[in-house]
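Each chain, written out:
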Amino acid sequence: MLVDSYGRTVDYLRVSVTERCNFRCQYCMPEKPFSWVPKENLLNFEELFLFMKVAIDEGIKKIRITGGEPLLRSDLDAFIKMIYDYCPEIDLAMTTNAYLLKGSAQKLKDAGLKRINISVDSLIPDVAEKIAKKDVLKKVLEGLDEALKVGLKVKVNMVPMIGMNENEILDVMKYCKKRDITVRYIEYMENIHAEVDIKGMKSEQLLALIGEKYSYTDEGFDATSPSHYYRCEDGYRFGIIEPYKDDFCAKCNRIRLTAEGNLIPCLYFDEAMSIHDAVKRGDIQEAALVLKEVIRTKPEKNRWSEADGEASTRAFYETGG
């Protein structure tokens, strides 16, 4: 069991398999050129799996595959199957923009993937194209439908932005309700890589808008999830993630691994330790020691509150958010 210095059990590992992405979303990496970390700097799937085994043996129970866009990494289903075959009871999930999902959903499900989170920031083709800087909506929604068809459990993430997609908040909820999908609205996270003129909506604004159409009750947090959940009178449940608060930090159970092998204890901290050299050498013991040290030094809470006034320098396309 992995327990940090604040008594929190850490059993959730988010693994970024690539920093590459086929979108250029305004809130993430709009000006990122198509120049990437050299392939030889990345851990291959066998090396990543070597660390997955260490993490699972030490107590990790949930693994989420992220990017960049994880489906840009070829043979991703083979990597997922490695993990599933080693520990069939592991909770295997993935976050994706779904652009490439239609052709791979069945393979991913067959490999052992159980759940998938999909970004749907707009249901209007022109708006979706403006946000992603690419004509994406048709393929995204086809990928989402295919995920449901093959039996993957789906959640939708939406980043509401004033002057961009705030008039679609209820439309996205209606779309998700129709398909029995939970939608989570994510407050825009200030970061130095995003467009400078983005203005995100706060939870109070979201709730006021939703409240004009639906009555809802506050259900608080689900276990260790950072999402604050609400339930409408008809039973539909939606969530809001408020990154500028730290009330979810007290139950944080996650760490993150980048494709280059940097193990990160908190999304909002630039500090990290590397397992790259250890796994390249096949040194399981050293990798386990790095893991335990990262857990030991995991901070009590993020330092990204509104009072601090900080904008994160972390590139979310490296860590999957």
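One can find the structure itself at the top, above this paragraph.
Description of the structure in this document.

The rules we used
- Residues numbered from 1 in each chain as written.
- Predicted model: local features only at pLDDT ≥ 70, side-chain atom pairs only at ≥ 80, totals over all residues.
- Heavy atoms only, no water.
- Helix = DSSP H or I, 4+ residues; strand = E, 2+ residues; numbered from the N terminus.
- Buried < 20%, exposed > 50% of the residue type's maximum accessible area, 1.4 Å probe, protein only.
- Contact = heavy atoms within 4.5 Å.
- Pairing = 2+ DSSP bridges.
- Arc of directions from axis to C-beta.
- Phe/Tyr/Trp six-rings, centres within 6.5 Å; stacked < 30°, edge-to-face > 60°.
- Lys NZ or Arg CZ within 6 Å of the ring centre and 35° of its normal.
- Axes fitted to C-alpha atoms, helices over the stretch in contact; angles between N-to-C directions.
- Parallel < 35°, antiparallel > 145°, perpendicular 65-115°, else oblique.
- Left-handed = near helix turned anticlockwise from the far one by under 90°.
- Nonpolar A, V, L, I, M, F, W, Y, C, P; charged D, E, K, R; others polar.
- Right-handed = clockwise from strand over helix to strand, strands pointing away.
- Core = buried A, V, L, I, M, F, W, Y, C linked by side-chain atoms within 4.5 Å.

Summing up its helical and strand segments, the protein chain has ten helices and twelve strands in all. Here the protein chain holds 321 residues, and the buried ones make up 56% of them. For the protein chain, long-range pairs separated by at least 24 residues make up 72% of all intrachain contacts whose partners lie at least 6 apart in sequence.

Moving on: the pairing of strand β8 (residues 227-232). The side chains of a regular strand alternate between both faces of the sheet. The element β8 is extensively covered by neighbouring structure, given that five of its six residues are classed as buried. Pairing of strand β7 (residues 216-221) with β8, which is carried by five bridges, proceeds in the antiparallel orientation. Opposite Tyr216, over in β8, you have Cys232 as the bridge partner. Pairing of β8 with strand β9 (residues 237-241) involves five bridges; the strand directions are antiparallel. Looking at the pairing, Ser227 lines up with Ile241 of β9. Hairpin remark: β8 followed by β9, antiparallel, with four residues in the connecting loop; positive phi at Gly235, about 100°.

Attention now goes to helix α7 (residues 203-211). Considered for burial, the residues of α7 that qualify are Ser203, Leu206, Leu207 and Ile210. Projected onto a plane normal to the axis of α7, the buried residues spread over an arc of 95° and lie on a single side. Residues of α7 that are buried make contact with α6 (169-178), β6 (182-186), β7, β8 and β9.

Turning next to the packing of aromatic side chains. Applying the stated rule across the entire model yields six aromatic pairs. An angle of 10° between the planes, with centres 4.7 Å apart, marks the rings of Phe45 and Phe79 as stacked. Here Phe45 is found in helix α1 (residues 45-58), whereas its partner Phe79 is found in helix α2 (residues 76-86), with 34 residues between them in sequence. You can call Phe45 buried: its relative accessible area is 8%. You can call Phe79 buried: its relative accessible area is 0%. Here the aromatic rings of Phe49 and Tyr86 are separated by 6.0 Å at their centres, their planes lie at 90°, and the arrangement is edge-to-face. Taken together, the positions of Phe49 in helix α1 and Tyr86 in helix α2 put the pair 37 residues apart, joining distant regions of the chain. In this structure Phe49 comes out as buried when scored by relative accessible area, which is 15%. What makes Tyr86 partly exposed here is its relative accessible area of 34%. The aromatic ring of Tyr12 is capped on one face by Lys62, whose charged end is 4.2 Å from the ring centroid. It is Arg237 that lies over the ring of Tyr229; its NZ or CZ is 4.1 Å from the centre.

Turning to the packing of α1 against α2, a few remarks are in order. Their axes nearest at 10 Å, the elements α1 and α2 cross at an angle of 30°. On the basis of the axis angle, α1 is roughly parallel to α2. In this structure, α1 crosses over α2, and the sense of that crossing is right-handed. Residue-level contacts link Phe45, Glu46, Leu48, Phe49, Met52, Lys53, Ile56 and Asp57 of α1 to Leu76, Phe79, Met82, Ile83 and Tyr86 of α2. Its residues assigned to classes, the contact of α1 with α2 shows ten nonpolar, no polar and three charged.

Right, let's talk about the pairing of strand β3 (residues 91-96) for a bit. Burial runs high along β3: five of the six residues are buried. In this sheet, β3 lies alongside strand β2 (residues 62-66) in parallel orientation, the contact comprising four bridges. The residue bridging Ile65 from the neighbouring strand is Met94, located in β3. Direction of pairing for β3 relative to strand β4 (residues 115-119): parallel, over a ladder of four bridges. The partner of Thr96 across the bridge, within β4, is Ile118. Regarding the hand of the β-α-β motif, the stretch spanning β3, helix α3 (residues 105-111) and β4 is right-handed.

This next bit is on the packing of α1 against helix α9 (residues 284-296). Two numbers describe how α1 lies on α9: the axes approach to 10 Å, and their chain directions differ by 55°. Judged by the inter-axis angle, α1 sits oblique to α9. You can see that α1 and α9 cross each other, and the crossing is right-handed. The segment α1 lies against α9, with Leu50, Phe51, Val54, Ala55 and Glu58 engaging Ile284, Ala287, Ala288, Leu291 and Lys292.

So, on to the nonpolar core. Membership of the largest hydrophobic core comes to 95 residues, with the highest contact counts inside it found for Phe51 and Phe238. The element best represented in this core is α1, accounting for nine residues. Beyond its immediate stretch of four places on either side in the chain, Phe51 contacts Leu13, Leu257, Leu263, Ile275, Val279, Ala287 and Leu291.

Remember that the coordinates give geometry; whether it matters functionally is a separate question.
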